[in-house]
Amino acid sequence: MEFVGNHDPFPDLRVKIGALELQNPVLTASGTFGYAREFVDLVNLHRLGGVVVKGISLFPRMGNPPPRIVETACGMLNAIGLENVGVDRFIELKMPYLRGIDTQIIVNILGDSLEEYRHITEKLSQVPGIAAIEVNISCPNVKKGGVAFGSDPDMAAAVTRVVRDNTSLPVIVKLSPNVTDISLIAMAVEQAGADAVSLINTLIGMAIDLRTKRPCLANVIGGLSGPAIKPVALRMVYLVARSVSIPVIGIGGIESAEDALEFMLAGATAVQVGTASFINPRASEEVVEGIGDYVIREKLQSVRDIIGALESD
Amino acid sequence: MSQYQENATIIRFEQLTDTNVRLTLQTEEIAQAAKPGQFVMIRAGKSKDPLLRRPFSIHQTSSNGRMQVLFKVTGRGTGLLAHCKEGETLSVFGPLGRGFSIDPARPVCLVGGGMGIAPLLFLAKRICQVKQNTETDMIVLGGRTRKEIEPLLSDFQFFDIGIMTVTDDGSLGMHGMVTDVLKTLSLPNNCIVYTCGPEPMMKSVAALCREQKVDCQVSVESVMACGMGACLGCTIKAKDDRYVHVCSDGPVFKTEDLGWNL
């Protein structure tokens, strides 16, 4: 029997991404939350559904020369160049802390060849405390002339298969929006054994400084993120959720519970908070709180009731 | 190092020149925790555009939980902040970064140029708190014109430290650059020079310090999104061709640690 009387309601926010169980649908997006420790003074890390850490490669990467970021209308462009400490130092230096957080730790991985993806997957699969792997397929395939793995369905499937075959962890593939038909890529990675897809990664863009007549970024082009990309992301999540039967994780300009719930209506099972954490370090925790309030206010049995519940005529 | 996010009330708004503004903010925890050379990230308004916070070095703090920032209007963010009114609140996040390191046993020389003077007030205050004797210490304040420097000068006159001023047009103090003043001083060997200002100025101060075999700490500036080591957007070259992050490795560096070709 339910409690009688006036007790604080305790909203059911649990969701499942394949075998991965989350206490709530809010994750932090890779590259926007460091290795979580940076935020410990400001965020109750234990309240998050999960933390997706900064993309890790087989070897350390220095990243691109500065300037690496530039603000644009309602957004920002970045060309960090995947700066990271490499998988060995990540395991040694970052995992001990991450393991102590009462949330799911998802490691984002990247590589320039299938071999690199295989090596890094093998290494991470030995490490206790990792809940899932998110595969960044936006990197250029060095062997195939630099074409991004994520822009070709066959190559995207090949990367997915390599990771799938070398781990028993849930595999999430993070999709690039810089393609003609994102559903095709989503279906290809589903076929290849992905447990879920997350989308969207940043949209390729450019900014120019008229005064200096130069590109604002040393890398010339960069990835656009922030509220500016939310409508694009929402549409792609909507399309992909209708094309695949695996769970979809929505990403793109989410800074509030309202934003997150819109993505869930469009078909996302969970969401990632990205650039918003730069402006408001507490953004991810506030999204968790706001979703809880919504579930109570709307008297939902659970947050799961809203997944894909978009109404249309 | 603890960090806080506060809604800070603007206690005082001062338009120091056509372009230069000083804000006094009520920020209980940040003011308590801040150290000279650290910075805060301030959101200019509440809308999605401009999106990112802006970094500001801490000009000074008070024991009653107040903090000042001093800035020049250079773009949309600072432009919005320059239209704030007393009584309004701003979202402030900090204190951030590594500040100046102070050795009470050594003589010091503070060299500020333009808005780079901002963090040196906080530093001078702390130096006077920790040092017995500041007789041989020196503050050099440089700027383009008298108008730029004069409103800041009186604050520095509270200290028992000698002040020299220098302007590009000679309208206040010596006519020339801060390095022209530094050349006239004989810096003791164990002196620490602290400098903040435009990069070319800091580089010439650093070069002079190297010639005279004197330690130099610089406070550098960079565009940044988060201010706390998450976005990795604020990189600069370090001595061994590696990158360091201004927000978390700095903003204060020993000049020999930076990849400056002096």
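Above this note sits the structure.
Here we summarise the structure given alongside this text.

Rules of the game
- Residues numbered from 1 in each chain as written.
- Chains lettered and ligands numbered in written order.
- Predicted model: local features only at pLDDT ≥ 70, side-chain atom pairs only at ≥ 80, totals over all residues.
- Helix = DSSP H or I, 4+ residues; strand = E, 2+ residues; numbered from the N terminus.
- Rg over C-alpha atoms; globule rule 2.2 N^0.38 Å.
- Buried ≥ 20, exposed ≤ 12 C-beta atoms within 10 Å, placed from the backbone.
- Contact = placed C-beta atoms within 7 Å.
- Core = buried A, V, L, I, M, F, W, Y, C linked by C-beta atoms within 7 Å.
- Axes fitted to C-alpha atoms, helices over the stretch in contact; angles between N-to-C directions.
- Parallel < 35°, antiparallel > 145°, perpendicular 65-115°, else oblique.
- Left-handed = near helix turned anticlockwise from the far one by under 90°.

With respect to the overall build of chain A
- In terms of helices and strands, chain A carries eight helices and 18 strands.
- In terms of C-alpha radius of gyration, chain A reaches 19 Å, essentially the compact-globule figure of 20 Å for 313 residues.
- Considered along the principal axes of its C-alpha atoms, chain A spans approximately 65 × 50 × 45 Å.
- With 313 residues in all, chain A has 54% of them scored as buried.
- Here the contacts in chain A between residues at least 6 apart in sequence split such that 72% fall between residues at least 24 apart.

A word on the overall build of chain B
- Regarding its fold elements, chain B presents six helices and 16 strands.
- Counting only C-alpha atoms and orienting by the principal axes, one finds that chain B spans roughly 50 × 40 × 35 Å.
- The buried share of chain B, taken over its 262 residues, is 49%.
- At a minimum sequence separation of 6, the contacts of chain B that also span at least 24 residues come to 64%.

Thoughts on the nonpolar core
- Counting 183 residues, the largest nonpolar core has Ile-172, Val-197, Val-237 and Val-271 of chain A together with Val-40, Val-140 and Val-205 of chain B as its most contacted members.
- Dropping the residues within four chain positions of it, Ile-172 of chain A is found in contact with Ile-17, Ile-106, Ala-132, Ile-133, Glu-134, Val-135, Asp-195, Ala-196, Val-197, Ser-198 and Ile-249 of chain A.

Brief notes about the packing of helix H6 (residues 257-265) of chain A against helix H8 (residues 283-297) of chain A
Residue and element names in this part refer to chain A.
- For the pair H6 and H8, interaxial distance at closest approach is 8 Å and the crossing angle is 65 degrees. Judged by the angle between their axes, H6 and H8 are roughly perpendicular. You can see that H6 and H8 cross each other, and the crossing is right-handed. Counting all contacts with H6, which are made through Ala-257, Ala-260 and Leu-261, the residues of H8 involved are Val-287, Gly-290, Ile-291 and Tyr-294.

A word on unusual backbone geometry
- Here the amide bond leading from Pro-66 of chain A into Pro-67 of chain A is cis, since omega sits at -5 degrees, within 30 degrees of zero.
- Following the sequence through the fold, Pro-67 of chain A ends up in the loop between strand S4 (50-56) and strand S5 (69-72).
- The peptide bond linking Gly-250 of chain B to Pro-251 of chain B adopts the cis configuration, its omega dihedral lying at 10 degrees.
- Tracing the chain through its elements places Pro-251 of chain B in the loop between strand S15 (243-245) and strand S16 (252-254).

Any functional reading would require information that these geometric values do not contain.
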